[in-house]
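Observations on chain architecture
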Amino acid sequence: MPKQKSTARSLSTAGLLAATSLVLALSGCATYDVTAPADARAEASAEGKATDGKASDGKANGGKGTEAGGVDCAKAKCVALTFDAGPSENTARLLDILKKEKVHATFFMLGKNHVAKRPAEVKRIDAEGHELANHTWSHQILTEIAPEEAKRELSRLQDAVRKITGKTPRLMRPPQGRTDGEVSKISKDLGLAQVLWSVTAKDYQTNDSALITKRVLEQTERDGVILLHDIYQGTVPAVPGILKELKKRGYTVVTVSQLLSPAKPEPGMVYRPE
């Protein structure tokens, strides 16, 4: 992915902290916007105050606020838990663990060989209160294919999830985290916000659950986004230990939308934790 340059974007005259950056791709003039979850949350809260003259109740910009599982990440020490590239034969076990621990996660799902073959798991993910999200149909690198093909990669997954659950994902994660102005435009057209991460266990490199746990815990900070994959054999066995230690350290584990609330995911925006 070409190296990119970021500059701050002015938000208002009310002295808000800069929540969004305008990213200029060195390969051309296409631009796309980037913000950290905490900054998006702060901006939405400030806009709520400006609108009604009191602290936001979480409904500014259509967000669920503390209604989203009763979590206010402006006060709680939150971290979002996300799983990519499923569902798989490991997903049912993962859902059992999350249910036992009373934790909700965001699932960035693949279509081919996953959603298409495991609709029951997709239904269960939704039924148990987890967040449905898009990781493309076949994991093609969106910045390396034609725009119309990139749009098909995303829209085909949207259609499949909607057919199974009646719901359309609002979040997507570009394969390898690679995005650009064109991908952002397509995402905006499809109503999808883009979500990157701050924590990776690189569980695609190892089945050592202890190592996966260690890597996650070493990197996790408040308002972070943890990236794991429920398709690898070492990952799901690591989840109970990860959750136990995160709770011990005072973290509240949430979905991506809960982390952003009261902000509503903005189509085309890239959410990248600091």
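Refer to the structure presented above.
Residues numbered from 1 in each chain as written. Predicted model: local features only at pLDDT ≥ 70, side-chain atom pairs only at ≥ 80, totals over all residues. Heavy atoms only, no water.

Moving on to the state of the cysteines. As enumerated under the stated definition, the model contains one disulfide in all. Here Cys73 connects covalently by a disulfide to Cys78, the sulfurs 2.2 Å from one another. Between Cys73 and Cys78, the S-S torsion sits near -85°, and that sign places the bridge as left-handed. Taken individually, Cys73 and Cys78 each receive the classification buried, so the pair is uniform in this respect. (Disulfide = S-S within 2.5 Å. Buried < 20%, exposed > 50% of the residue type's maximum accessible area, 1.4 Å probe, protein only.)

A few words now on the side chain of Gln194. Within the secondary structure, Gln194 is located in strand 8 (residues 193–195). Only 2.9 Å separates the side chain of Gln194 from the side chain of Ser184, close enough to count as a polar contact. Ignoring sequence-local partners within four residues, the contact set of Gln194 consists of Met172, Pro174, Thr179, Val183, Ser184, Ser187, Gly268, Met269, Val270 and Tyr271. (Helix = DSSP H or I, 4+ residues; strand = E, 2+ residues; numbered from the N terminus. Polar contact = N/O pair within 3.5 Å; in protein donor to acceptor, adjacent residues only side chain to side chain. Contact = heavy atoms within 4.5 Å.)

For any pair of aromatic rings, geometry is given as the distance between the ring centres together with the angle between the planes. Throughout the structure, instances matching the rule amount to one aromatic pair. With a centroid separation of 5.5 Å and an interplanar angle of 25°, the aromatic rings of Phe83 and Phe107 are classed as stacked. With a gap of 24 residues between them, Phe83 in strand 4 (residues 78–84) and Phe107 in strand 5 (residues 106–109) connect regions that are remote in the sequence. Both residues of the pair, Phe83 and Phe107, count as buried. The ring of Tyr251 has Lys77 sitting right over it, with the charged end atom 4.3 Å from the ring centre. In this structure, Arg173 is placed above the aromatic ring of Phe108, and the distance from its NZ or CZ to the ring centre is 4.2 Å. (Phe/Tyr/Trp six-rings, centres within 6.5 Å; stacked < 30°, edge-to-face > 60°. Lys NZ or Arg CZ within 6 Å of the ring centre and 35° of its normal.)

Each full turn of the α-helix corresponds to 3.6 residues, which orients residues three or four apart in the same direction. Of the positions making up helix 6 (residues 181–189), those classed as buried are Gly181, Val183, Ser184, Ile186 and Ser187. Its side-chain oxygen placed 3.1 Å from the backbone nitrogen of Glu182, Asp180 serves as the N-cap of helix 6. Trailing helix 6 by a residue or two, Gly191 shows a phi angle of about 75°, which is positive.

Okay, helix 5 (residues 147–165) next. Counted at 1.5 Å a residue, the expected span for helix 5 with its 19 residues is 27 Å, and the 27 Å between its end C-alpha atoms agrees. Residues Ala150, Glu153, Leu154, Ser155, Leu157, Gln158, Ala160, Val161 and Thr165 constitute the buried set of helix 5. Those residues of helix 5 hidden inside the fold are in contact with strand 5, helix 3 (111–115), helix 4 (119–127), strand 6 (131–134), strand 7 (171–172) and helix 6. Positive phi appears at Gly166, one or two residues downstream of helix 5, with a value of about 80°. (Expected span 1.5 Å × (residues − 1).)

Another aspect to go through is the nonpolar core. In terms of nonpolar packing, the biggest core is built from 34 residues, with Leu81, Phe83, Leu98, Phe107 and Leu228 touching the most fellow members. Counting residues in each nonpolar core, the second largest holds 20 residues, with Ala80, Val195, Val254 and Val256 among its members. (Core = buried A, V, L, I, M, F, W, Y, C linked by side-chain atoms within 4.5 Å.)

This part takes up the environment of Pro37. By the secondary structure assignment, Pro37 is in helix 1 (residues 37–52). Considered as a pair, Pro37 and Ser261 are 224 residues apart in the sequence and their alpha carbons are 8.8 Å apart. If we skip the residues at most four places from it in the chain, Pro37 touches Asp223, Leu259, Leu260, Arg272 and Pro273.

Of the two faces of strand 5, the one carrying Thr106 and Phe108 and the one carrying Phe107 and Met109 are both buried. Bridge count for strand 4 against strand 5 is three bridges, and the pairing is parallel. Residue Asp84 lies in a different strand from strand 5, and its bridge partner there is Phe108. On the question of chirality, the crossover connecting strand 4 to the parallel strand 5 by way of helix 2 (residues 91–101) is right-handed. (Pairing = 2+ DSSP bridges. Right-handed = clockwise from strand over helix to strand, strands pointing away.)

Once that is clear, we can look at unusual backbone geometry. Going from Gly86 to Pro87, the amide bond is cis rather than trans, its omega being 0°. Here Ser261 and Pro262 are connected by a cis peptide whose omega angle stands at 15°. Mapped onto the elements, Pro262 comes out in the loop between helix 9 (256–260) and strand 12 (270–271). Located in the positive-phi region is Lys102, a residue other than glycine, with phi close to 55°. Along the chain, the position of Lys102 falls in the loop between helix 2 and strand 5. The backbone of Gln176 shows a phi angle near 65°, a positive value even though the residue is not glycine. With respect to the element layout, Gln176 can be found in the loop between strand 7 and helix 6.

In short, shape yes, function no, at least from these values alone.
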